[in-house]
Amino acid sequence: MTGPGRDGFAPWTRRFEDEQERRNAQGDPDWERGATLHPAVWSGIQRFQVGEDGDGANLVAKAERAADPDYARAVRLFVAEEQNHARLLALLLAAGGRPTLSGHWSDTVFVRLRRLMGLRLELLVLMIAEVVALRYYRALRDGTDDALTSDVAGRILADEQRHVPFHCERLHAFLAELPRPARRPVMASWRLLLLAVSLVVAADHGPGLRRLGLGRRRFVADVTASSGEVVSAVLAPLSRNADPNQTPNGHSNRKADPARRSPHGGTRR
């Protein structure tokens, strides 16, 4: 199966490869600056770091069984970016004198749930983590005056804003295989599950979110609002390939500053 449009997922593969080259040229942040944050914020970073970690073997295996070499290649590059997020967060924690966690219950639940599913349902669950992560990393980037933390969060956010439309395009192809009357109920159920997860994350990260200038209610409201754009992107008919440089609401990332572009992680593969 290929993605929508005559080029399938080849443009996404090229986009991921371009980003890989850009990261290599950019290099790492200056870890020697160190980082100083409130303990509640450090706690949230530790939990998201667990969610970003993982080898991605299960997701890659399912992508390869989809018989689309471009998509499988893009998924491998996507997993590499998520692994880089885990590395960046681990080094940020080290810069602040904080250890990484060996695990967290929420990550365990997400991993076990997704591994029981086929690729379609796994991507729906993965998208919940991605949409939650968008709001968290934006808060982490903008809600602290620590330069190193803002730098790391901005880099991760730029990647996540590209990941969401990538998964939207694949889910669009998957839902097109379903009878038309079933498509909206599927995405309505997805939004309900996203709401439930965002409530759990808000409760779990409440003190840290407040330190970042984001209350629990605002966090849940923002995540819920952004989910509407995802649903529209997944359900809307595509007359051409999705632009890898656009977020679901059509805003381009092509010329964005990497430091400004755009759960608990739960993205372990």
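For the structure given in this document, a descriptive report is provided here. Model, not experiment: these values are computed from the prediction.

## Considering the packing of helix α3 (residues 57-65) against helix α4 (residues 69-95)
Item 1. Running from N to C, α3 and α4 point in directions that differ by 170°, and their axes come no closer than 8 Å. If you check the angle between α3 and α4, you find them roughly antiparallel. In the crossing of α3 with α4, the sense of the turn from one axis to the other is right-handed. Contacts from L59, V60, A63 and E64 in α3 reach Y71, A72, V75, R76, F78 and V79 in α4.
Item 2. Taken together, the residues that form the contact of α3 with α4 break down as eight nonpolar, no polar and two charged.

## Observations concerning helix α6 (residues 119-142)
Item 1. In this model α6 runs 34 Å from its N-terminal to its C-terminal C-alpha over 24 residues, within 8% of the 34 Å that 1.5 Å per residue would give.
Item 2. Taking burial as the measure, the 24 residues of α6 include 20 buried ones, the bulk of the element.

## Details of unusual backbone geometry
Item 1. With a phi angle near 60°, A67 is a residue other than glycine that sits in the positive phi range.
Item 2. With respect to the helices and strands, A67 occurs in the loop between α3 and α4.
Item 3. Taking relative accessible area as the criterion, A67 reaches 58% and is therefore assigned exposed.

## Let's talk about the nonpolar core
Item 1. Ranked by internal contacts, the top residues of the largest apolar core, which has 66 residues, are I45, Y137, F166, W190 and F219.
Item 2. Of all the elements in the fold, those that place two or more residues in this core are α1 (10-26), α2 (39-52), α3, α4, α6, α7 (147-175), α8 (180-211) and α9 (216-235).
Item 3. For this core, the element with the most residues is α6, which contributes 14 residues.
Item 4. Leave out the neighbours within four places in its chain, and F166 touches F9, W12, F16, Y71, A74, V75 and F78.

## Points about the packing of aromatic side chains
Item 1. Tallied over the full model, the rule gives ten aromatic pairs.
Item 2. Considering the side-chain rings of W12 and F16, the 6.5 Å spacing of their centres and the 40° angle between planes classify their relative orientation as tilted. Separated by four residues within a single helix, W12 and F16 lie in helix α1, roughly one turn from each other. Of the two residues, W12 and F16, neither departs from the other in class, the shared state being buried.
Item 3. Members of the aromatic cluster, connected to one another through ring pairs, are F9, W12, F16, Y71, F78 and F166.
Item 4. Above the plane of the ring of Y71 lies R170, whose end atom (NZ or CZ) is 4.2 Å from the centre.

Reading guide: rules and limits
- Residues numbered from 1 in each chain as written.
- Predicted model: local features only at pLDDT ≥ 70, side-chain atom pairs only at ≥ 80, totals over all residues.
- Heavy atoms only, no water.
- Axes fitted to C-alpha atoms, helices over the stretch in contact; angles between N-to-C directions.
- Helix = DSSP H or I, 4+ residues; strand = E, 2+ residues; numbered from the N terminus.
- Parallel < 35°, antiparallel > 145°, perpendicular 65-115°, else oblique.
- Left-handed = near helix turned anticlockwise from the far one by under 90°.
- Contact = heavy atoms within 4.5 Å.
- Nonpolar A, V, L, I, M, F, W, Y, C, P; charged D, E, K, R; others polar.
- Expected span 1.5 Å × (residues − 1).
- Buried < 20%, exposed > 50% of the residue type's maximum accessible area, 1.4 Å probe, protein only.
- Core = buried A, V, L, I, M, F, W, Y, C linked by side-chain atoms within 4.5 Å.
- Phe/Tyr/Trp six-rings, centres within 6.5 Å; stacked < 30°, edge-to-face > 60°.
- Lys NZ or Arg CZ within 6 Å of the ring centre and 35° of its normal.

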